[in-house]
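Remarks on the overall topology
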Amino acid sequence: MSDAMRRFPVPDLDDLPDDLRERIDEETEKAGFTPNVFLGFAYKPSHWRAFFDYYDALVEDTALTRAEVEMIIVAVSGVNHCYYCNVAHGALVRIYARDPLLADQLVANYRTADVSDEQMAMLDVAVKLTESPAEVGDEDIARLEAVGYSEEAIWDIASVTAFFNLSNRMAMFADMRPNEEFHTLGREARDE
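Note that residues are indexed from 1 along each chain, following the sequence as it is written. For this predicted model, a pLDDT threshold of at least 70 governs which residues receive local features, and a threshold of 80 or more governs which side-chain atom pairs are given and counted, while totals over whole chains, interfaces and linings are taken from all residues. Remark: hydrogens and water are excluded; side-chain values derive from all non-hydrogen atoms of the structure.

**Topic: the overall build of the chain**
- In terms of regular secondary structure, the chain is built from 10 helices and 0 strands.
- Mapped from its N terminus to its C terminus, the chain presents α and β elements in the order α-α-α-α-α-α-α-α-α-α.
- Here the globule rule is a power law, 2.2 Å times the number of residues to the power 0.38, and the radius of gyration is based on C-alpha atoms. Relative to the globule expectation of 16 Å for 192 residues, the C-alpha radius of gyration of the chain, 17 Å, shows essentially globular dimensions.
- For the C-alpha atoms alone, the extent of the chain along its principal axes is close to 50 × 40 × 25 Å.
- Per-residue accessibility, obtained with a 1.4 Å probe over protein chains only, is compared with the maximum for each type, and a residue is labelled buried under 20%, exposed over 50%, and partly exposed between these values. When the 192 residues of the chain are sorted by exposure, 49% land in the buried category.
- Here, residues are in contact when the closest pair of their heavy atoms is within 4.5 Å. Restricting to contacts in the chain with at least 6 residues of sequence separation, those with at least 24 account for 69%.
- Note on areas: Shrake-Rupley, 1.4 Å probe, and residue coverage restricted to the protein chains presented here. Surface summary for the chain: the accessible area is close to 10100 Å², and the carbon and sulfur share equals 50%.
- Mean positive and mean negative side-chain charge positions of the chain (17 and 38 charges, respectively) differ by 5 Å. Each helix is a run of DSSP H or I of at least 4 residues and each strand a run of E of at least 2, with the numbering of both proceeding from the N terminus. Positive: Lys, Arg. Negative: Asp, Glu. His and the chain ends are not part of the count. In this description, the location of a charge corresponds to atom NZ of lysine, CZ of arginine, CG of aspartate or CD of glutamate.

Below, the structure is given as structure tokens:
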């Protein structure tokens, strides 16, 4: 029995469609383990495909750095209390930002994070969109423009935020569990 999630059955890899198995095998080879999110979302293959197609677009076709994408994910997941994404994407923040402390700062209280003024503006807007979406307005767009984000980057900030609010809610509803490996990834000393 898989420990990928607790509230729904996790399908056996042998029972999955070929395209899902191939992608899961690729991710397993890259990571050295199978990230549980790939197994959990496999519960419903049509949703799995749409979810990972959009995720791929968000991280591959973006005006943001990969570290910024992951910072948004962890800040949003922190305020949403999503255990899976806090741990799994926290590892990715540590890796892409080359900073073993940043993810913990973002999860505990993103306002304490050692980030640039530009990135803090990005995180402020992402968290506002998460907590109070009806209050997001032109002043938030103007703030992001004022600190140097392009129109495309601003769109990407909102897209990553919105997608990971969905992801957080599904992971929490299904009680997806982060792999133990994620807890220790990227915790080595800072690159100076």
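We are not done yet, so read on.
**Side note on the packing of helix α4 (residues 66–80) against helix α6 (residues 102–109)**
- Angles shown run from 0 to 180 degrees and are taken between the N-to-C directions of axes, each axis being a line fitted to C-alpha atoms and, for helices, limited to the stretch in contact. Put simply, α4 and α6 touch, their axes get as near as 7 Å, and they point 35 degrees apart. The element α4 and its partner α6 pack so that their crossing is right-handed. Of the residues in α6, those touching α4 at M71, V74, A75 and G78 are L102, A103, L106 and V107. Put simply, a crossing is left-handed when the front helix is turned counterclockwise from the back one by less than a right angle, and right-handed when it is turned clockwise.

**Focus on the nonpolar core**
- Definition of nonpolar core: a set of buried residues of the types Ala, Val, Leu, Ile, Met, Phe, Trp, Tyr and Cys, connected through side-chain atoms within 4.5 Å. Within the largest apolar cluster, 58 residues are counted, with the highest numbers of intra-cluster contacts made by I72, Y84, L106 and L123.
- When contributions to this core are tallied by element, the ones reaching two or more residues are α1 (18–31), α2 (36–41), α3 (45–60), α4, α5 (83–97), α6, α7 (117–131) and α9 (151–174).
- Looking at which element gives the most residues to this core, the answer is α9, with 8 residues.
- What Y84 contacts, discounting residues up to four positions off in sequence, is P35, N36, V37, H89, A171, M176, R177, P178, N179 and F182.

**Some points on the layout of surface pockets**
- Cavity: a set of points on a 1 Å grid over the protein atoms alone where a 1.4 Å probe fits but cannot get out. Pocket: an open set with protein on both sides within 12 Å along at least five of seven lines, its lining residues, like those of a cavity, having an atom within 4 Å of a point. Grid points are joined across faces, edges and corners, and a volume is the space filled by probe spheres set on the points. When its volume is computed, the largest pocket comes out at roughly 560 Å³.
- The set of elements that each furnish at least two residues to the lining of the largest pocket consists of α1, α2, α3, α5 and α9.
- Residues were grouped as follows: Ala, Val, Leu, Ile, Met, Phe, Trp, Tyr, Cys and Pro as nonpolar; Asp, Glu, Lys and Arg as charged; and all remaining residues, including Gly, as polar. In the lining of the largest pocket, the residues fall into 21 nonpolar, 2 polar and 6 charged.
- Size it by volume and the second largest pocket reaches roughly 290 Å³.
- F41, K44, H47, M170 and M176 are the residues nearest the centre of the second largest pocket, which is lined by 16 residues in total.
- For the lining of the second largest pocket, the secondary-structure elements that each account for two or more residues are α2, α3 and α9.
- In terms of residue count, the dominant contributor to the lining of the second largest pocket is α9 (5 residues).
- Taken together, the residues of the lining of the second largest pocket sort by class into 13 nonpolar, 2 polar and 1 charged.

Interpretation in functional terms is not warranted from these geometric data alone.
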